[in-house]
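# Results of the structural survey
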2 protein chains.
Amino acid sequence: MPFSPAHFTTERRLDDGVLERDFVIDGIPGTLWTPPTTPAPLILAGHPGGLQSMHPRLVARARSAAASGFATAAIELPGSGDRDPLPDVDHARTELRAALASGRPVTEDIIDRLVLPIVDRAVPELQATIDALLTLPDVDGPVGYSGGVTAIGVRLTLVEPRIAALGLFAGSYLPRATLQEARKVDVPVHVLMQWDDAWNDRQRALELFDALGSQEKTLQANMGGHTGIPPHAGEDAGRFFARHLGVALPQ
Amino acid sequence: MPFSPAHFTTERRLDDGVLERDFVIDGIPGTLWTPPTTPAPLILAGHPGGLQSMHPRLVARARSAAASGFATAAIELPGSGDRDPLPDVDHARTELRAALASGRPVTEDIIDRLVLPIVDRAVPELQATIDALLTLPDVDGPVGYSGGVTAIGVRLTLVEPRIAALGLFAGSYLPRATLQEARKVDVPVHVLMQWDDAWNDRQRALELFDALGSQEKTLQANMGGHTGIPPHAGEDAGRFFARHLGVALPQ
């Protein structure tokens, strides 16, 4: 993919000194948050799509990461927000909701058609995002991936050597193919799961952790439901990235 | 049980300022480690028995706890060290080793006969230890239980209201009865397990975590084998006790 720079469209300084900038790379919208002290290692924030609706949660994650010395970037997912729709994915999502509504099992076929087309498109876009953002004076390597859409994080880590640490939130539907790809992951991994997550397949999450090929991997499970991750769990994830992305935290 | 004071037999100041004292309570030997700053909340250190052979690892745990502001105490387990032998338990241990040596499965019956008699005896002894040590000017409540012999930690937490936080190392044989008792545990619990622990029944450890009745419970799994717990896992366990035993750690 030819290199494309980031075009910044907005710039806002938050009260805690974090600089929030919306950008466009190759026509794909995204947001970059940088801490007061730069250059800062970059963490790509995974999310289920919809930058606008996810903004409050993404800002909270970016502020927390900035407090630990990290820059955070998120791009709009293929088919989400203002991007061109992906009719086949939308159809799979409709099937998923129908299955959930009627209590029918969510088949592997539905999960594959819902997740894999997004993974195939999002991963090269995230690589282009890394290319563009690492040219900025206030963003530095190494790079981490953090958060949901586990299938994107696993695939990106496999194909992108600049990913030095992988933080996963095992709360999304996981294609079987991702379990196979996970065996080839060899960077340090921190897997966060909510034990009582109504939307999560606990057994599949444990299979994912077992499959990960990394010598250094940590699974942390807590209570509180899908969105009830306790504060200490977020702090532990921050310390994981600090250990592996070379940021010195006060102990 | 009538109150019995602790008779101290030795006293040694370690290079990091930790005071190590051997004691006897009701004829049961133990060791108390207190940090330079007291009074300090007490953590009872679980171990598989044999205070002398376990001493290097117990001292390391006590030094680490002292650095976080905690006092640590360990008593000799029934049937271990210089204490009167428990022939039935020794017989079960012989059966266990024979089963392991011949590749036969370790039956629930062997586990029950190996663990439960020790639990029945050790728990009231640990309660007497709390009674005695909390009268000392440099030891304070609340009290935590940390470490191996999960069955002792679970039973003690059920019967002893002074236990405010329970840290378990899921690396020991677990009687079925302990899974039932775990459902009644309601204090915050931190369960540490080694995912690739050759001596640990991974499924039983996950059943234990699922069974625990506590609203606040955390499972952390790492790699490195039975004795290869990574440093950050020990630090996370220390932060768990700091949150629940009221010690302020630098963040």
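Structure first, text after, so check above.
What counts, and at which threshold
- Residues numbered from 1 in each chain as written.
- Chains lettered and ligands numbered in written order.
- Predicted model: local features only at pLDDT ≥ 70, side-chain atom pairs only at ≥ 80, totals over all residues.
- Heavy atoms only, no water.
- Helix = DSSP H or I, 4+ residues; strand = E, 2+ residues; numbered from the N terminus.
- Rg over C-alpha atoms; globule rule 2.2 N^0.38 Å.
- Buried < 20%, exposed > 50% of the residue type's maximum accessible area, 1.4 Å probe, protein only.
- Contact = heavy atoms within 4.5 Å.
- Least-squares fit on C-alpha atoms with pLDDT ≥ 70 in both.
- Salt bridge = Lys/Arg side-chain N within 4 Å of Asp/Glu carboxyl O.
- Buried area = accessible area lost by both parts, 1.4 Å probe.
- Nonpolar A, V, L, I, M, F, W, Y, C, P; charged D, E, K, R; others polar.
- Pairing = 2+ DSSP bridges.
- Right-handed = clockwise from strand over helix to strand, strands pointing away.
- Polar contact = N/O pair within 3.5 Å; in protein donor to acceptor, adjacent residues only side chain to side chain.
- Axes fitted to C-alpha atoms, helices over the stretch in contact; angles between N-to-C directions.
- Parallel < 35°, antiparallel > 145°, perpendicular 65-115°, else oblique.
- Left-handed = near helix turned anticlockwise from the far one by under 90°.

## Comments concerning the overall build of chain A
Within chain A, the secondary structure is distributed over 7 helices and 9 strands. Computed over C-alpha atoms, the radius of gyration of chain A comes to 17 Å, within 12% of the 18 Å expected from 2.2 N^0.38 for 251 residues, which places it in the range of a compact globule. Taken over the C-alpha atoms alone, chain A extends approximately 50 × 40 × 35 Å along its principal axes. When burial is assessed residue by residue, chain A has 56% of its 251 residues classed as buried. At a minimum sequence separation of 6, the contacts of chain A that also span at least 24 residues come to 65%.

## Description of the relation of the copies chain A and chain B
Between chain A and chain B, which share one sequence, the superposing operator has a rotation angle of 180 degrees and an axial displacement of 0.0 Å; the RMSD is 0.0 Å. Overall, the copies show the geometry of a two-fold rotation axis. Of the C-alpha atoms belonging to chain A, the one lying closest to the rotation axis is found on Gln-220 of chain A, 2.2 Å away. Both copies contact each other with a shared surface, as 100% of the interface residues of chain A are interface residues in chain B too.

## Thoughts on the pattern of salt bridges
Overall, the coordinates contain 36 salt bridges over all chains when judged by the stated rule. Here Arg-93 of chain B ties to Asp-90 of chain B by a salt bridge, and the two come within 3.0 Å at their closest N and O atoms. With Arg-93 of chain B and Asp-90 of chain B both in helix α2 (residues 87–102), this residue pair falls 3 residues apart, about one helical turn. For Asp-90 of chain B, a relative accessible area of 29% translates into the label partly exposed. Put simply, Glu-108, Asp-112, Arg-176, Arg-204 and Glu-207 of chain A are held in one network by salt bridges that share partners.

## Examining the interface of chain A and chain B
Contacts between chain A and chain B engage 20 residues on the former and 20 residues on the latter. Taken over both partners, the interface formed by chain A and chain B buries close to 1,900 Å², and the fraction arising from carbon and sulfur atoms is 52%. Where chain A meets chain B, there are 2 salt bridges. Among the ionic pairs, Arg-202 of chain A bridges to Asp-210 of chain B, the shortest N-O distance being 3.0 Å. Mapped onto the side of chain A that touches chain B, the elements with two or more residues apiece are α6 (202–211), β9 (217–222) and α7 (231–245) of chain A. Top contributing element to the side of chain A that touches chain B by residue count: β9 of chain A, with 6 residues. A breakdown of the residues in the side of chain A that touches chain B according to their chemical character gives 7 nonpolar, 6 polar and 7 charged. Looking at chain direction, β9 of chain A and strand β9 (residues 217–222) of chain B are connected through 3 bridges and run antiparallel.

## Examining the pairing of strand β6 (residues 139–147) of chain B
All names here are of chain B. Where strand β4 (residues 40–46) lies against β6, 7 bridges are found, and the strand directions are parallel. The residue bridging Ile-43 from the neighbouring strand is Gly-144, located in β6. As judged from the 5 bridges shared by β6 and strand β7 (residues 163–169), these two strands associate in the parallel manner. Bridging across to β7, Ser-146 finds its partner in Gly-167. Taken together, β6, helix α4 (residues 150–159) and β7 constitute a β-α-β crossover, and its handedness is right-handed.

## Description of α6 of chain A
Within the sequence span of α6 of chain A, burial applies to Arg-204, Ala-205, Leu-206, Leu-208, Phe-209 and Ala-211 of chain A. Sitting at the head of α6 of chain A, Asp-201 of chain A places a side-chain oxygen 3.1 Å from the backbone nitrogen of Gln-203 of chain A.

## Points about the packing of helix α3 (residues 108–133) of chain B against α4 of chain B
Residue and element names in this part refer to chain B. Across the interface, α3 lies against α4 with an axial gap of 9 Å and an inter-helix angle of 45 degrees. The angle between α3 and α4 places the two elements in the oblique class. When you trace α3 past α4, the crossing you get is right-handed. Between α3 and α4, the residues in contact are Val-115, Leu-116, Ile-118, Val-119, Asp-120, Ala-122, Val-123, Leu-126 and Gln-127 and Ala-151, Ile-152, Arg-155, Leu-156 and Val-159, respectively. For the contact of α3 with α4, the class distribution of residues is 11 nonpolar, 1 polar and 2 charged.

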